[in-house]
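What the coordinates show
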Amino acid sequence: MTTTPHPLVTEARRLADELLAPCAQRVDQDGVPASHLDAVRRGGLLGVSAPEEFGGAAAPDSVAREIAEILAGACCSTWFVQTQHHTPVRLLAGASPGLAARERFLRPLATGELLAGIAYAHVRAFPRVPVRARVDRDGVRFDGTVPWYTGWGLNDVMLLAGVTEADEVVFAFADAREQPGLRPSPPLRLAALTAARTVSLELDGLRVPAANVVRRTPRAEFARVDVPRSANASPAVFGVARAALDLLGDTPDERRAAESLRAGLDEVRARAYALADHPVAHEHVEERLALRTRAYDLMRAATTAAVVAGGGRATSLDSPAQRLAREAMFLLVQGQTAPVRRAHLAALSGAGR
């Protein structure tokens, strides 16, 4: 953790202690309320990485990671809805000045006036193309199915992507609401994070104006950037693991388990974040994957320890232990790419010998 907390880290801890953690069990069953996201916005957390000139905090990545740990450990569902927002903010911040979409969307996203979701993970399914994009002089037409979209009914806009016949990935903003060419499914019932309001989206000729296009990039270039980035360990993994260890009591066995697992988490966290800050993103990918897998192992052990320590009462829906165990299961596949899956399965096959 940072030596002198950044003001936004202090705000995240206050929000976690006073609102998110006390309500986490209810949210898990009933769904993320808009009021939780309003509180995140009022705290300035939606603009943590946005440029100051657009109303953001321009905080370093270390601050953004620490905030993510705190929010995920307090209420993983709320964290997951709001974490979608930061990807389009970062994308717009890095776009060329004068880009119409940047001028239109970056400030309201940085200040939290608008809340954004993302609909582009399906691009990783190539050579399958779940969403096809067709570009013309008026804008982009999208057709196909977005298998997973989180925050439906909470988000104002979405960053949508599709692949053209020329294997170009097109990113553009669309309104996050039912409209001609866009139809949501009923909310998906999931073993974990159903509260995050995830749906699938059927796209049948959804038109997006040219002024809303953020980026066009060759699919191979998208993969070159995406694969090493997705190899990094997620801060949410450390947040959920620490929250689980906080449930362990004062018996000698529980103290020993907590101390051992905390030491392992501290070591992996330090190494993983050092690599995340490495100036060359495509270097040390194998080490990044190994650390991500090790973080999974420690999270799984921590949530299992919380369930074991809780005994039979840990299986009650009122118990934070079972909720954290389910959230840990979700994080095993969140942001999963083919290299992440291969590395994780290889590590698991080795553990069984």
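Residues numbered from 1 in each chain as written. Predicted model: local features only at pLDDT ≥ 70, side-chain atom pairs only at ≥ 80, totals over all residues. Heavy atoms only, no water.

1. Remarks on the overall build of the chain
Which entries qualify depends on this criterion: Helical segments are the DSSP runs of H or I of at least four residues, strand segments are the runs of E of at least two, and each set is numbered from the N terminus. Exposure is judged per residue with a 1.4 Å probe applied to protein chains only, and the accessible area is read against the type maximum: over 50% gives exposed, under 20% gives buried, and values in between give partly exposed. Contact between two residues is taken to exist if any of their heavy atoms lie within 4.5 Å; hydrogens are not considered.
Looking only at helices and strands, one finds 11 helices and eight strands in the chain. A principal-axis box enclosing the C-alpha atoms of the chain has dimensions of 70 × 45 × 40 Å. The buried share of the chain, taken over its 353 residues, is 52%. Across the chain, the fraction of contacts at a sequence separation of at least 24, relative to all contacts at a separation of at least 6, is 73%.

2. Thoughts on the packing of aromatic side chains
Any pair of aromatic rings gets described here by the distance separating the centres and the angle formed by the planes. To keep things clear, this is the line we draw: The pairing test for Phe, Tyr and Trp rings, Trp by its six-membered ring, is centres within 6.5 Å, and the orientation test on the planes gives stacked under 30 degrees, edge-to-face over 60, and tilted for anything in between. Throughout this description, the term charge over a ring refers to an Arg CZ or Lys NZ atom that lies within 6 Å of the ring centre and within 35 degrees of the ring normal.
Within the structure shown, the criterion is met by eight aromatic pairs. With 6.1 Å between their ring centres and 45° between their planes, Phe171 and Phe222 make a pair best called tilted. Placement of the pair is Phe171 in strand β5 (residues 168-175) and Phe222 in helix α6 (residues 219-230), with a sequence separation of 51 residues. For the pair Phe171 and Phe222, a shared accessibility class is recorded, and that class is buried. Centroid distance Phe238 to Tyr273: 5.6 Å. Interplanar angle 85°. Geometry classified as edge-to-face. Of this pair, Phe238 sits in helix α7 (residues 235-245) while Tyr273 sits in helix α8 (residues 252-276), and the two are 35 residues apart along the sequence. With respect to burial, Phe238 and Tyr273 carry one shared label: buried. Positioned above the aromatic ring of Tyr273 is the side chain of Arg65, whose terminal nitrogen or guanidinium carbon lies 4.5 Å from the ring centre.

3. Remarks on unusual backbone geometry
Cis geometry is found at the peptide bond from Phe126 to Pro127, where omega equals 15°. Inspection of the secondary structure assignment puts Pro127 in the loop between β1 (116-119) and β2 (131-136). Backbone geometry at Ala58 places phi at a positive 50°, although glycine is not the residue there. Residue placement: Ala58 occurs in the loop between α2 (34-42) and α3 (61-74).

4. Looking at the pattern of salt bridges
Two side chains bearing opposite charge may form a pair once their charged atoms approach each other closely. Defined as follows: We define a salt bridge as a contact between a side-chain nitrogen of Lys or Arg and a carboxyl oxygen of Asp or Glu at a distance within 4 Å.
All chains considered together, the criterion is met by 23 salt bridges. Salt-bridge contacts for Asp226 lead to Arg229; the nearest nitrogen and oxygen are separated by 3.3 Å. With Asp226 and Arg229 both in helix α6 and three residues apart, this pair spans about one turn of that helix. The partly exposed category is assigned to Arg229, whose relative accessible area is 45%.

5. Description of the pairing of strand β3 (residues 139-150)
Remember that side chains alternate between the two faces of the sheet whenever the strand is regular. Where we set the bar: Pairing between two strands requires that DSSP report at least two bridges joining them.
With six bridges joining them, β2 and β3 adopt antiparallel strand pairing. Bridge pairing links Ala133 to Phe142 in β3. Here β2 folds back onto β3, and the loop between the two strands holds two residues. Judged from the 10 bridges that link them, β3 and strand β7 (residues 198-209) form a sheet pairing that is antiparallel. The residue of β7 that forms the bridge with Phe142 is Leu206.

6. Brief notes about the packing of helix α4 (residues 76-93) against helix α5 (residues 100-111)
Formally: All axes are obtained by fitting lines to C-alpha atoms, using only the stretch in contact for helices, and the reported angles, taken between N-to-C directions, cover 0 to 180 degrees. Any angle from 65 to 115 degrees is called roughly perpendicular, while one under 35 is roughly parallel, one over 145 is roughly antiparallel, and all others are oblique. Handedness of each helix crossing follows the sense of rotation of the near helix against the far helix: counterclockwise by less than a right angle gives left-handed, clockwise gives right-handed.
Packing of α4 against α5 leaves a shortest axis separation of 10 Å and a crossing angle of 135°. By the angle between their directions, the pair α4 and α5 is classed as oblique. The two elements α4 and α5 meet at a crossing, and its hand is left-handed. Mapping the contact onto sequence places His85, Val89, Leu92 and Ala93 in α4 and Ala101, Arg102, Phe105, Leu106 and Leu109 in α5.

7. Considerations on the nonpolar core
We count it as follows: What we call a nonpolar core is a set of buried Ala, Val, Leu, Ile, Met, Phe, Trp, Tyr and Cys residues that are connected through their side-chain atoms within 4.5 Å.
Residues Leu45, Ile67, Leu71, Trp79, Met299 and Leu331 are the most contacted members of the largest nonpolar core, which totals 71 residues. For this core, the secondary-structure elements that each account for two or more residues are α1 (7-30), α2, α3, α4, α7, α8, α9 (285-310) and α10 (320-333). Excluding its chain neighbours within four sequence positions, the residues that come into contact with Leu331 are Trp79, Ala236, Val237, Val240, Tyr296 and Met299. With 23 residues, the next largest nonpolar core counts Ala101, Leu106, Val123 and Phe173 among its residues.

8. Focus: α7
α7 sits mainly inside the fold: 11 of its 11 residues count as buried. Within α7 the residues assigned to the buried category are Pro235, Ala236, Val237, Phe238, Gly239, Val240, Ala241, Arg242, Ala243, Ala244 and Leu245. On the buried face of α7, the contacting elements are α3, α4, α8, α9 and α10.

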